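Geometric and topological summary
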Amino acid sequence: MKKYKIAVVGATGMVGRTFLKVLEEYKLPAESYVLFSSAKSAGSTLKFMGEDYTVRELTETSFDEGFDIALFSAGGSTSEKFAPIAAAKGCLVIDNSSAWRMDPNVPLVVPEVNPEKIKEHKGIIANPNCSTIQAVVAIKPLYDHYGIKRIVYSTYQAVSGAGRGGWDDLENGMKGEAPKKFVYPIAGNCIPHIDVFMPNGYTKEEMKMIQETRKILGDDSLKITATTVRVPVFNGHSESINIEFEKDFDIEELKDILKNSPGIVVEDDVANNVYPMPIHAAGHDETFVGRIRRDESVESGVNLWVVADNIRKGAASNAVQIARQFISYNEA
Ligand code: 3JM
């Protein structure tokens, strides 16, 4: 079996550190790992695979040494500049930023949903937005069985999605300190504003969910609307997803479909107060689905409550799962 030279770009950030944890767990067939960061964090040491790794500064010649796979999570501008450099050197980039997601030459992949798109890569594969990933894991099996007319997303997103600055704003805000990352205090608050506002009045986060869902499901005409909200939760995104189907459905059959689909854990026993919550999803790679009930206001619709660890399945684990699937296609 081939052994892979793997680079982690943005290793010191919140997602980067989770990359390292997930890589330790998934045990890819690696020949070596090299960790990169910006000049600011270069030279620091990270514990990885039981050893001390010195983080190296990412430069234009970093990919000259012949990497096979690079996991990027260093922000959009770093990806814009360095992903093409890495790809030109024959390295597969799996990019966690929004920089390449909507590029028609870049597959946008969630391994439970559209793994075969990995084979079409031209050097870059994009990891979807955290909120999109958990949504499409839950939606895809229902899309296949019943067809979908329209989706309404409402999200309740954790501060970890905004990186360490978001985390610190909640922690310090609970002690009464003013926010640094968010426009308003997040402690004791909900902020209906994630990423920047667009000319149509939506936020960019909302438009990411809409456009990425269409691309991943391969359905450009799917009707979708979204409201994305930052809530005072440290880690784990929650989503209310309302779906209107083309065909009629049986609610027990729908639950069975979700139970038997990859990457999903159904937690739905309201008589015993069982439903998904961020405090339970943290540390897991599955998407948790509950509060499954018919939308009685339309002919054929359902409401779902969908929760996942946004730093793991929403970022690091999904990217490592793409790498693992890429390797297994190579071996086949
Ligand atoms: C989630 O600095 C940056 O460019 C990162 C901005 C960002 C993104 C993004 O647009 O890539 C922060 C948090 C995302 C995302 O996954 O879309």
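For the structure, see preceding data.
Position numbers for residues start from 1 in each chain and track the written sequence from start to end. Side-chain atom pairs in this predicted model are given and counted only at pLDDT of 80 or more, local residue features only at pLDDT of at least 70, and totals for whole chains, interfaces and linings cover all residues. Excluding hydrogens and water, the side-chain values take into account all heavy atoms of the structure.

**Focus on the nonpolar core**
Put simply, the test is: For the purposes of this section, nonpolar cores are sets of buried Ala, Val, Leu, Ile, Met, Phe, Trp, Tyr and Cys residues that join through side-chain atoms within 4.5 Å. Burial classes: relative accessible area under 20% of the type maximum marks a residue as buried, over 50% as exposed, and values in between as partly exposed (1.4 Å probe, protein chains only). Strands here are runs of E lasting at least two residues and helices are runs of H or I lasting at least four, both read from the DSSP assignment and numbered beginning at the N terminus. Contact between two residues is taken to exist if any of their heavy atoms lie within 4.5 Å; hydrogens are not considered.
Ranked by internal contacts, the top residues of the largest apolar core, which has 54 residues, are Ile139 and Leu304. Per-element tally for this core: the top contributor is helix H3 (residues 130–146), with 9 residues. Beyond its immediate stretch of four places on either side in the chain, Ile139 contacts Ile148, Ile151, Tyr153, Leu217, Ile241 and Ile243.

**Some remarks on the pairing of strand S6 (residues 69–72)**
Short version of the rule: A strand pair is defined by DSSP finding two or more bridges across the two strands. Whether a crossover is right-handed depends on one test, that the path from the first strand over the helix to the second runs clockwise when the strands point away from the viewer.
On S6, burial covers both faces: Ile69 and Leu71 on one face and Ala70 and Phe72 on the other are all buried. Relative to strand S7 (residues 92–95), S6 runs parallel, the two being bridged by 4 bridges. Looking at S7, one finds that Phe72 is bridged to Asp95. In the classification by handedness, the crossover that spans S6, the intervening helix H2 (residues 76–88) and the parallel S7 is right-handed.

**Focus: the site of the ligand**
Keep this limit in mind: Any residue with at least one heavy atom within 4 Å of a molecule or strand is counted as near it. Pairs of N or O atoms within 3.5 Å make up the polar contacts considered here, provided that, within protein, one atom can donate a hydrogen while the other can accept it, and that residues adjacent in sequence are counted only when both atoms are side-chain atoms. Per-residue and other accessible areas were derived by the Shrake-Rupley procedure at a 1.4 Å probe size, with only the shown protein chains allowed to occlude residues. Note on residue classes: Ala, Val, Leu, Ile, Met, Phe, Trp, Tyr, Cys and Pro are nonpolar, Asp, Glu, Lys and Arg are charged, and everything else, Gly too, is polar.
Taken together, the neighbourhood of the ligand is formed by Gly75, Gly76, Asn96, Ser97, Ser98, Arg101, Asn129, Gly161 and Lys208. Interatomic distance of 3.2 Å between a side-chain N/O atom of Asn129 and an oxygen atom of the ligand. Taking Lys208, its side chain carries an N or O atom lying 2.7 Å from an oxygen atom of the ligand. In isolation the ligand has 400 Å² of accessible area, and contact with the protein removes 60% of it. Partitioning the shell around the ligand into residue classes produces no nonpolar, 7 polar and 2 charged.

**Some thoughts on the packing of H3 against helix H6 (residues 251–259)**
To be explicit about the condition: Only the stretch in contact is used when fitting a helix axis, every axis being a line fitted to C-alpha atoms; angles between N-to-C directions are given from 0 to 180 degrees. Comment on the angle field: the value is read as roughly parallel under 35 degrees, roughly antiparallel over 145, roughly perpendicular from 65 to 115, and oblique elsewhere. For any pair of crossing helices, the crossing counts as left-handed if the nearer helix is rotated counterclockwise from the farther one by less than a right angle, and right-handed if it is rotated clockwise.
The contact between H3 and H6 brings their axes to 9 Å, and the two run at 130°. One element, H3, and the other, H6, form an angle in the oblique class. As for how H3 packs across H6, the hand of that crossing is right-handed. Residues Ala138, Pro141, Leu142, His145 and Tyr146 of H3 form the contact with H6, whose own contacting residues are Glu253, Leu254, Ile257 and Leu258. Along the lines of polarity and charge, the residues of the contact of H3 with H6 split into 7 nonpolar, 1 polar and 1 charged.

**With respect to the environment of Thr203**
Position of Thr203 relative to the elements: it lies in the loop between helix H4 (163–173) and helix H5 (204–217). Excluding residues within four positions of it along the chain, Thr203 makes contact with Pro192, His193, Ile194, Asp195, Val196, Phe197, Met198 and Thr228.

**Considering the sheet that holds strand S9 (residues 148–157)**
Read from one edge to the other, the open sheet built from 6 strands follows the order S10-S9-S11-S14-S13-S12, with strand pairing classed as mixed. The sheet terminates laterally at strand S10 (223–230) and strand S12 (264–266), the two strands that pair on one side only. Shown here is a sheet whose adjacent strand axes are inclined to one another by a mean of 20°, direction ignored. Relative to strand S13 (residues 287–294), S12 runs parallel, the two sharing 3 bridges. Bridged to Ile264 within S13 is Thr287.

**Let's talk about the pairing of strand S4 (residues 51–54)**
For strand S3 (residues 45–48) and S4, the ladder comprises 4 bridges, and the chain directions are antiparallel. Note that in S4 the partner of Phe48 across the bridge is Glu51. Hairpin connection between S3 and S4: a loop of 2 residues separates the two successive antiparallel strands, and Met49 in this loop has a positive phi of roughly 55°.

**A look at the sheet that holds strand S1 (residues 4–9)**
Strand pairing in a sheet relies on backbone hydrogen bonds. The paired strands run either parallel or antiparallel. A sheet is described by the order of its strands in space; here 6 strands give the open sequence S5-S2-S1-S6-S7-S8, paired in parallel fashion. Unpaired on one side and paired on the other, strand S5 (56–57) and strand S8 (124–126) mark the two borders of the sheet. The sheet contact formed by S1 and strand S2 (residues 30–37) spans 6 bridges and is parallel. Within the sheet, the bridge partner assigned to Ile6 lies in S2 and is Tyr33.

Just distances and angles here, no functional claims.
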